[in-house]
Amino acid sequence: MTIYIKNEIDLKRGYKTMDWKEDVKEMVYQGRIKVPYTWSVGEVGSRFFIELRDKKKIWGDKCPRCGTVFVPPRKVCSKCYSNIGEWVEVGTKGTLLTFTVVRYKNNLQSRDAPFAYGIIKLDGADTGLLHLLGEVDLEQINIGMRVEAVFGEDRKGEILDIKYFRPLKEA
Amino acid sequence: MGNRVGIVGVGQTHHRSKRSDVNGQEIINEAVSRALAGAELTIEEIDAVVIGNMDHFEGINYVDMWSVDGSGGYMKPIMKVTTGGTTGSTVAAAGYYQAASGLFDTVLAIGWEKNSESDTSAAIATCANPILERETFAGAIGPLAAEYSMYMKKYGATEDDAHLAAVRDHNNGANNPYAHLRKRVTLDDVRNSPMLAYPIRLLDMCPRSDGACAVIYASENKARKITDTPAWVVTTTTRHDYTHFGDADWTIMQTLEEASKAAYKKAGIKDPLHEFDVMELYLPASSCAVKWMESLGVCERGEAPELIREGVTDMDGELPVNPSGGVICTNPIGATALIRVAEAALQIMGKADKRQVPDVEKALATGFGGCSWSDVMVLSSSKPR
Ligand SMILES: [Zn+2]
């Protein structure tokens, strides 16, 4: 059988039309790529996670030039490119800078919707840490609220060693 | 300052949620064919090709290689650039740089995406830091939502302010035959659409589209021979900031502020609200359509909600924004920012049909990649000095 293909741009429809395609289903090929990765946490990140895992402490570091206290810590200042050597322990309490409540479902998310996350500025830090919000009424979250880290029992040296931040009831 | 360069041809596909009737090469070919036809050029007259799309989106690498049938790049110098959301504007910048260098007379810039071929959210998640941020903050919607929450708190902006900008873009999109979403909406439609991530609702957010766009640049002498109405490139600027999402002050978009400031300085623009006739902005959500106007220097900080409420950026306002319907109507991501440049060029050339703003002399196009970096390009009907 010979198939004659008419291959012109139909300006009205905006598609190239081929007369034989009217009667057939468009063909697709199903595939999947699953690739394992092993990411190096790095020198500064390793210490940050070891302190989280072993001591439930949150450390940042302070730029010797511009004075910015970074949490999470980094080896080189993001702003002035100075080498950072000074470690600073920051609190496990902080202030919520902003947040969202996620209502859509997506299996990539580490929680089932609805759930909340935000940016938390820990006491003593100049930058914000991204994290989940827990033990909180999703309708009652507000910017500026005080929050504290809740640590997991079985800590592995990763960001979810902090389970989430919850509202702080200060005396 | 490089040599003077004009945009002489623009082509794009009719963008859709799914184009399973064509593969990657074929969808690229559609846009390139239309750009060549528009400029009355043949592929032989193209000296160099720049092409880009998103990393990981279709799961096929080296688009510079395998797309040659679509791009027309056989035995030509091809360069791939991919910079996330700004891919299209980086392709635009790279194409301009090549022509402005004087090494090439005509350069074809191509951006494309077939979002339907994979899981966009999964692909976007791969741009987040896997160790620190992917578990807690990945995705496109949440960070934009958190950004607007912060802005609302600081300046008293409302969800309705963003919804009004969504109404503007959706209704503009209805006039654009190439737009993916072309349905007119009301404020109540946006208010009642499903909440995705507070405060962003479905009709506030960009869709995922299949589509491609191509733009042809020509050197000064060549441009004049091709068309009487080239869209001259005055300047383009890029700024980056990101290391960690929590580092930035999200009440402003600092990269856009710095990029536009630098571009205006080079272009001699002091009053963007009155000196630009139209803007085609990469606004991935309607919330950005409010907040980012301040970063573009169109108004002072905290004044953008008023600007939107008064209709200043509507089609009949002082400064029409997104006559094409913008990103919330059409989003083939690797092409999205190039479409901004293409639409701005069409406005200058007077070829924007039902979405044409009258007498456009100066136009601004932007690109955004998250989070967060910004590109801006200034186009003009008159040759830059
Ligand atoms: Zn510093």
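In what follows, the structure referred to is the one given above.
Residues numbered from 1 in each chain as written. Chains lettered and ligands numbered in written order. Predicted model: local features only at pLDDT ≥ 70, side-chain atom pairs only at ≥ 80, totals over all residues. Heavy atoms only, no water.

Enquirer: Any chance you could break down the interface of chain A and chain B for me, citing the residues and the numbers?
Expert: Facing the 42 residues of chain A at the interface are 39 residues of chain B. Overall, the association of chain A and chain B removes approximately 3,600 Å² of surface from exposure, summing both partners, and the carbon and sulfur fraction of that is 62%. Connecting chain A to chain B are one salt bridge. Asp 247 of chain B serves as the salt-bridge partner of Arg 74 of chain A, at 2.5 Å between the closest nitrogen and oxygen. By residue number, the principal contributor to the side of chain A that touches chain B is strand β6 (residues 93-102) of chain A, which donates six residues. Looking at side-chain class alone, the side of chain A that touches chain B contains 25 nonpolar, eleven polar and six charged residues. (Contact = heavy atoms within 4.5 Å. Buried area = accessible area lost by both parts, 1.4 Å probe. Salt bridge = Lys/Arg side-chain N within 4 Å of Asp/Glu carboxyl O. Helix = DSSP H or I, 4+ residues; strand = E, 2+ residues; numbered from the N terminus. Nonpolar A, V, L, I, M, F, W, Y, C, P; charged D, E, K, R; others polar.)

Enquirer: How would you sum up the nonpolar core? Please name residues and give values.
Expert: All names here are of chain B. If you look at the biggest cluster of nonpolar residues, it comprises 75 residues, and the most contacted ones within it are Met 279, Leu 296 and Leu 364. In terms of residue count, helix α7 (residues 141-155) provides more of this core than any other element does, eight residues in total. Look past the residues within four positions of Leu 364 in its chain and what remains in contact with it is Tyr 264, Phe 276, Val 278, Met 279, Glu 280, Leu 281, Leu 296, Ala 344, Val 376, Met 377 and Val 378. Formed by 37 residues, the second largest nonpolar core is a distinct cluster that contains Tyr 96, Val 278, Leu 338 and Ala 365. (Core = buried A, V, L, I, M, F, W, Y, C linked by side-chain atoms within 4.5 Å. Buried < 20%, exposed > 50% of the residue type's maximum accessible area, 1.4 Å probe, protein only.)

Enquirer: Pulling in residues and values, what's your account of the pairing of strand β3 (residues 58-62) of chain A?
Expert: All names here are of chain A. With respect to burial, β3 is a largely interior element, four of its five residues being buried. Where β3 lies against strand β5 (residues 86-90), five bridges are found, and the strand directions are antiparallel. Bridge assignment links Trp 59 to a residue of β5, and that residue is Glu 89. In sequence, β3 turns back onto strand β4 (residues 69-70) through a hairpin of six residues, with Gly 67 there showing a positive phi of about 80°. (Pairing = 2+ DSSP bridges.)

Enquirer: How would you explain the sheet that holds β3 of chain A if you had to name every residue and give the values?
Expert: Residue and element names in this part refer to chain A. Across the sheet, which stays open at both edges, the three strands sit in the order β4-β3-β5 with antiparallel pairing between neighbours. The open sheet is flanked by β4 and β5, the only strands paired with a single partner. In terms of strand pairing, β3 meets β4 through two bridges, oriented antiparallel. Within β4, the residue paired with Asp 61 across the bridge is Phe 70. Along the sheet, helix α1 (residues 43-55) makes contact with β3 and β5, crossing β3 at roughly 150°. (Axes fitted to C-alpha atoms, helices over the stretch in contact; angles between N-to-C directions.)

Enquirer: Describe the coordination of the zinc ion, and please don't skip the residues or the numbers.
Expert: Residue and element names in this part refer to chain A. The zinc ion binds to the protein through Cys 63 (SG), Cys 66 (SG), Cys 77 (SG) and Cys 80 (SG); the donor distances cover 2.3 Å. Coordination geometry of the zinc ion: the four donor atoms subtend angles of 99 to 124° at the metal centre, consistent with an arrangement described as tetrahedral. Taken in sequence order, the residues that donate to the zinc ion follow the motif C-x2-C-x10-C-x2-C. Of the residues examined, Cys 77 reaches a relative accessible area of 2% and is grouped as buried. (Donors = N, O, S within 2.8 Å, 3.2 Å for Na, K, Ca; no water. Tetrahedral: all angles 85-135°; square planar, octahedral: opposite > 155°, others 65-115°.)

Enquirer: Give me the lowdown on the packing of helix α8 (residues 159-173) of chain B against helix α13 (residues 286-295) of chain B, citing residues and values where you can.
Expert: Residues and elements named next belong to chain B. Here α8 crosses α13 at 110°, and the two axes come no closer than 7 Å. For the element pair α8 / α13, the angle class is roughly perpendicular. Contact residues: Asp 161, Ala 162, His 163, Ala 165, Ala 166 and Arg 168 in α8; Ser 286, Ser 287, Ala 289 and Val 290 in α13. Taken together, the residues of the contact of α8 with α13 break down into five nonpolar, three polar and two charged. (Parallel < 35°, antiparallel > 145°, perpendicular 65-115°, else oblique.)

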